[in-house]
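# Descriptive structure summary
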2 protein chains.
Amino acid sequence: MTSPVPTREAGVAAPAGFRAAGVHAGIKASGRKDLALVVNDGPLDVAAGVFTTNKVKAAPVLWSQQVLTQRRVRAVVLNSGCANACTGPKGFQDTHATAEKVAEVLGCGAGEIAVCSTGLIGERIPMDALLPGIGTVHSALAATPAAGLDAATAVMTTDSVPKHAELRHASGWSVGGFAKGAGMCAPNMATMLSVVTTDAVVDAEVADAALRAAVGTTFNRLTVDSSTSTNDTLLLLASGASGVTPTPAEFTEVLTAVCLDLVRQLQADAEGVTKHVGVTVSGAASDADAEKVARAVADDPLVKTAFFGSDPNWGRIAMAVGKADAEVDPDRLDITLNGVKVCAGGVRGEDRSLADLSGKEITVLVELGIGTGAATVLSTDLSHAYVEENSAYSS
Amino acid sequence: MTSPVPTREAGVAAPAGFRAAGVHAGIKASGRKDLALVVNDGPLDVAAGVFTTNKVKAAPVLWSQQVLTQRRVRAVVLNSGCANACTGPKGFQDTHATAEKVAEVLGCGAGEIAVCSTGLIGERIPMDALLPGIGTVHSALAATPAAGLDAATAVMTTDSVPKHAELRHASGWSVGGFAKGAGMCAPNMATMLSVVTTDAVVDAEVADAALRAAVGTTFNRLTVDSSTSTNDTLLLLASGASGVTPTPAEFTEVLTAVCLDLVRQLQADAEGVTKHVGVTVSGAASDADAEKVARAVADDPLVKTAFFGSDPNWGRIAMAVGKADAEVDPDRLDITLNGVKVCAGGVRGEDRSLADLSGKEITVLVELGIGTGAATVLSTDLSHAYVEENSAYSS
């Protein structure tokens, strides 16, 4: 299989064995959808998950980490409008009660229910809205594209569009998923809420290894604002309903393609975004060094504001490269902006005015000339709209 | 001596034995002052210096680091309008020629002349303007407040006001200085160009130790945008002209007070600043951990945009605390904003609406409840004006 291209129809509901739904339960005052449910009807209930590395973890993260130690998940319930983070033992009780209620309607144990929340940090979740909503969302469960889209919609906060994708392998199995996240988005182990489903027959070891491999080169390589959220969660659920057992390599490839597609959708819908920036660093002493340099460039506010102004300001990129905690030789530094090598051997190369950054896509290539380490990080610009959204909206 | 309060009259020209000047040499197209000279007439010519930790260092940084190995400096020549960074061997030759020309007019060796530059990265310096300007600035040398102010003015780039300060000790010696820096400002060893003078009798060891101590708690604790410049340089010149030998402790105290005053001026004039933010972290496992947490909060774009919006959004602060590479116990976290403890023991404390952030000063206290480590970092908000200035101005 070469260059797998995901489509965007049913998301988590695409693989066989899964139903999904998204409804308005009353957590958001706006009347928009705020509660999603994804159910794995089997025959398998294999699961893998990755969670935020932030030391301040939301209650649903602490709960779901515990659930995932069993590597089995029957359903995931997700709400937007409240992060249930920094809410202490009472917030954890709210998450527990949510899982109990979902287990009750599905007829299983609470320990098989993962919980995800996103929204304002530091506020308790309105349980008088959430608990009745669970009956509503359960009644709405379906295996249709519309149901998959509803679930992807119900997890949105500052997102302007739902993000979902699925990819079907020629041998008869598929992977589907949704994700949300527009700000406070520098995933480190996973991004702010994503559920990926598959009907492939995979065991827990293969699921876990494939998920970590896919995340390492997709979700963990996106940075909108360097702000790693308290609620980041990515869950992979496998139903085995296709009856097909792919090789681990096949499964990882398809899973990675779906994750990358979801990440590109996150990047495209980032808060205030006007540019899609890809920073690739090569020639580093190690892959880890390459990633550090790529992140230093991708997160630097002077680089990001220059990109907002379509300014091929390579001096700021050289500054950001040099501030990274990585091996750098200033005299070997090449910087190429949208195909124009504006810095060669650490000094001015082709005329910067030849680099046209007026379009939406900006590709930055940094060649360090030291070793063979390489990494790519996806990012955005820093615009007036980002400042406006985050100074006016309390999240 | 308690609470020394620097004044703002003569800056580098305040201590005996120093003359200064600032003129327009033609490096800036705007016609504004762009060339400064500070001369130490002795009897001592003791000097200490700290420089950027950025691995991409400007030619004048490389030159001045070499000069400072002798711990003797007769004069410092500084230009704005061109950083002379990423200019390779030819840029270094330009710096060398500049030092030679200053040495010629002063009748000393080029190895006694420190050079500093600030402005656009990646462009060669217009030597046909700079070299004739050295005669002009030499002719303008004076020990007056006006001359000190001219020198502080000639190093400005996006700065809107010159920053200078001096402090006279009761026993008859003084410390004076100027600094520039408004963006690309996260000093690490020193900020973008500062010269501090003293007429105290100090030897090179005392000067160096006092400078490093002062910098550690002043310049190195300011972050405007996490962007450590390629040209950061802070030089201390001692003339000994007062004939008074302070104790090292006295000297360090006065020097620190002048440096802190300069840093507060940098903070107040940061690009797009509307808020002066002080982040103090206490109860950390170590001072180093406290500084990491303070920097994570001070540099986080979501925290900075919330402050721009006068929003007491402590959840974003909790997120930033948790993403820092430091020991954090979420259940012991207290956050106090302008005197209101909005987060206590990791959960909601007093009502956030009680914290009034509408004024210009925002004080953040983060208590980690783990150990005795503490640190304060000064920062700013992230405003529309920062985005405007840095997307429209190529520097």
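Small disclaimer: the values here were computed from a predicted structure and weren't measured.

## Regarding the overall build of chain A
Counting its regular elements, chain A contains 10 helices and 15 strands. Whereas a compact globule of 395 residues would reach a radius of gyration of roughly 21 Å, chain A reaches 21 Å, a difference of no more than 12%. Along the longest, intermediate and shortest principal axes, the C-alpha atoms of chain A span 65 × 50 × 35 Å. The burial tally for chain A puts 61% of its 395 residues in the buried class. Surface summary for chain A: the accessible area is close to 12700 Å², and the carbon and sulfur share equals 53%.

## Concerning the side chain of A:T198
You can see A:T198 is positioned in strand 8 (residues 194–198). A polar side-chain atom of A:T198 sits 3.0 Å from the main-chain amide nitrogen of A:A200.

## Description of the pairing of strand 9 (residues 233–238) of chain A
Residues and elements named next belong to chain A. With 6 of 6 residues buried, strand 9 is to be regarded as a mostly interior element. Alternating positions in strand 9 separate into two faces, T233, L235 and L237 on one and L234, L236 and A238 on the other, with burial throughout. Bridge analysis of strand 3 (residues 46–51) against strand 9 gives 6 bridges, and the strand direction is antiparallel. Along strand 9, the bridge assignment pairs G49 with L235. Alignment of strand 8 against strand 9, held across 5 bridges, turns out to be parallel. Bridging from a neighbouring strand, T198 pairs with A238 of strand 9. Each parallel crossover has a hand, and the one from strand 8 via helix 5 (residues 204–217) to strand 9 is right-handed.

## Description of the sheet that holds strand 14 (residues 361–367) of chain A
Backbone hydrogen bonds are what pair the strands of a sheet, in a parallel or an antiparallel way. All names here are of chain A. If you walk across this open sheet you meet the 6 strands as 13-12-11-14-10-15, and the pairing is mixed. Of all the strands in the sheet, the pair left with one neighbour each is strand 13 (347–348) and strand 15 (373–380). As paired strands, strand 10 (residues 276–284) and strand 14 are joined by 7 bridges and run parallel to one another. Looking at the pairing, H276 lines up with E361 of strand 14.

## Section: the interface of chain B and chain A
Contact with chain B, which involves 56 residues of that partner, is made by 55 residues of chain A. Summed over both partners, the interface of chain B with chain A comes to about 4200 Å²; 56% of that surface belongs to carbon and sulfur atoms. At the junction of chain B with chain A, the criterion picks out 4 salt bridges. Residue B:E123 is joined to A:R352 by a salt bridge in which the shortest nitrogen-to-oxygen separation is 4.0 Å. Taken together, the links from chain B to chain A amount to 13 residue pairs in polar contact (both at pLDDT 80 or more). For the side of chain B that touches chain A, the element with the most residues is helix 9 (residues 314–323) of chain B, which contributes 7 residues. Per-class residue counts for the side of chain B that touches chain A are 22 nonpolar, 22 polar and 12 charged.

## Re the domain arrangement of chain A
All names here are of chain A. Under the domain assignment used here, chain A contains domain 1 (11–268) and domain 2 (276–392). For domain 1 versus domain 2, the distance between C-alpha centres works out to 32 Å. With 11 residues of domain 1 at the interface, the matching set in domain 2 holds 15 residues. Where domain 1 abuts domain 2, roughly 1200 Å² becomes buried across the two surfaces, and 47% of that area is made up of carbon and sulfur atoms.

## Section: helix 7 (residues 287–299) of chain A
Residues separated by three or four positions in an α-helix point in the same direction, a consequence of the helix having 3.6 residues per turn. All names here are of chain A. The first and last C-alpha atoms of helix 7 sit 18 Å apart over 13 residues, in line with the 18 Å expected at 1.5 Å per residue. For helix 7, the full list of buried residues reads D289, A290, V293, A294, A296, V297 and A298. Next to the buried residues of helix 7 lie strand 10, helix 8 (301–308), helix 9 (314–323) and strand 15.

## Observations concerning the relation of the copies chain B and chain A
Superposing chain B onto chain A takes a rotation of 180° combined with a translation of 0.0 Å along the rotation axis, leaving an RMSD of 0.0 Å. Read as a symmetry element, the transformation amounts to a two-fold axis. Judged by C-alpha distance, B:H384 is the residue of chain B that lies nearest the rotation axis, at 2.8 Å. Taken as a fraction of all interface residues of chain B, those also at the interface in chain A reach 98%, which identifies the copy contact as same-surface.

About the cut-offs
Residues numbered from 1 in each chain as written. Chains lettered and ligands numbered in written order. Predicted model: local features only at pLDDT ≥ 70, side-chain atom pairs only at ≥ 80, totals over all residues. Heavy atoms only, no water. Helix = DSSP H or I, 4+ residues; strand = E, 2+ residues; numbered from the N terminus. Rg over C-alpha atoms; globule rule 2.2 N^0.38 Å. Buried < 20%, exposed > 50% of the residue type's maximum accessible area, 1.4 Å probe, protein only. Areas by Shrake-Rupley, 256 points an atom, 1.4 Å probe, with all protein chains shown as cover. Polar contact = N/O pair within 3.5 Å; in protein donor to acceptor, adjacent residues only side chain to side chain. Pairing = 2+ DSSP bridges. Right-handed = clockwise from strand over helix to strand, strands pointing away. Contact = heavy atoms within 4.5 Å. Buried area = accessible area lost by both parts, 1.4 Å probe. Salt bridge = Lys/Arg side-chain N within 4 Å of Asp/Glu carboxyl O. Nonpolar A, V, L, I, M, F, W, Y, C, P; charged D, E, K, R; others polar. Domains from an automatic or database assignment. Expected span 1.5 Å × (residues − 1). Least-squares fit on C-alpha atoms with pLDDT ≥ 70 in both.

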